[in-house]
Amino acid sequence: MFILDITYTAPIEVIDGLLADHITWLEQGRADGMFMAWGRKVPRDGGLVYATGTRETVEAAAQRDPFVANGAASVRVIEFVPSYADAGLEGLSR
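Conventions adopted
Residues numbered from 1 in each chain as written. Predicted model: local features only at pLDDT ≥ 70, side-chain atom pairs only at ≥ 80, totals over all residues. Heavy atoms only, no water. Helix = DSSP H or I, 4+ residues; strand = E, 2+ residues; numbered from the N terminus. Buried < 20%, exposed > 50% of the residue type's maximum accessible area, 1.4 Å probe, protein only. Contact = heavy atoms within 4.5 Å. Pairing = 2+ DSSP bridges. Salt bridge = Lys/Arg side-chain N within 4 Å of Asp/Glu carboxyl O.

A. Highlighting the environment of Tyr-50. When you line up the elements, Tyr-50 lands in strand 3 (residues 46-51). When its relative accessible area of 27% is taken as the criterion, Tyr-50 is described as partly exposed. When sequence neighbours within four positions are dropped, the list of residues in contact with Tyr-50 reads Met-1, Phe-2, Ile-3, Met-34, Phe-35, Met-36 and Ala-37.

B. Molecular detail of the pairing of strand 2 (residues 35-40). Examined bridge by bridge, strand 2 and strand 3 share five bridges and lie antiparallel to one another. When the sheet's bridge partners are listed, Gly-39 is paired in strand 3 with Leu-48. The loop that links strand 2 with its antiparallel partner strand 3 comprises five residues.

C. Inspection of the pattern of salt bridges at higher detail. Across all of its chains, the model carries six salt bridges by this definition. Lys-41 serves as the salt-bridge partner of Asp-5, at 2.6 Å between the closest nitrogen and oxygen. With Asp-5 in strand 1 (residues 2-8) and Lys-41 in the loop between strand 2 and strand 3, this residue pair connects regions lying 36 residues apart in the sequence. Linking Glu-79 and Arg-55 is a salt bridge whose minimum nitrogen-to-oxygen distance equals 3.8 Å. Placement of Glu-79 in strand 4 (residues 73-79) and of Arg-55 in helix 2 (residues 55-64) is noted, with a sequence separation of 24 residues between them. Accessibility expressed as a relative area gives 34% for Arg-55, which makes it partly exposed. Here the salt bridges do not stand alone but share partners, grouping Asp-5, Lys-41 and Arg-76 into one network.

Put into structure tokens, the structure is as follows:
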């Protein structure tokens, strides 16, 4: 699995202006079976997306994030191999 670590590089007003497109991108990733979970960081300086697939497809999807594609955020793709998942989190090992 992969974690997309998104960090805002633009003012929050710019982020808010791209938010609807970002949510559409997230929902498409979910519909495609690639994105399993997502949410904002606290403090609100970015977000995390849990994804599955090949590194190539996940990295390509990360670059299509409207925040990233419009220069409002950077993204780091981190590969994560779960050694343990508590009950209810079995999907993390796909």
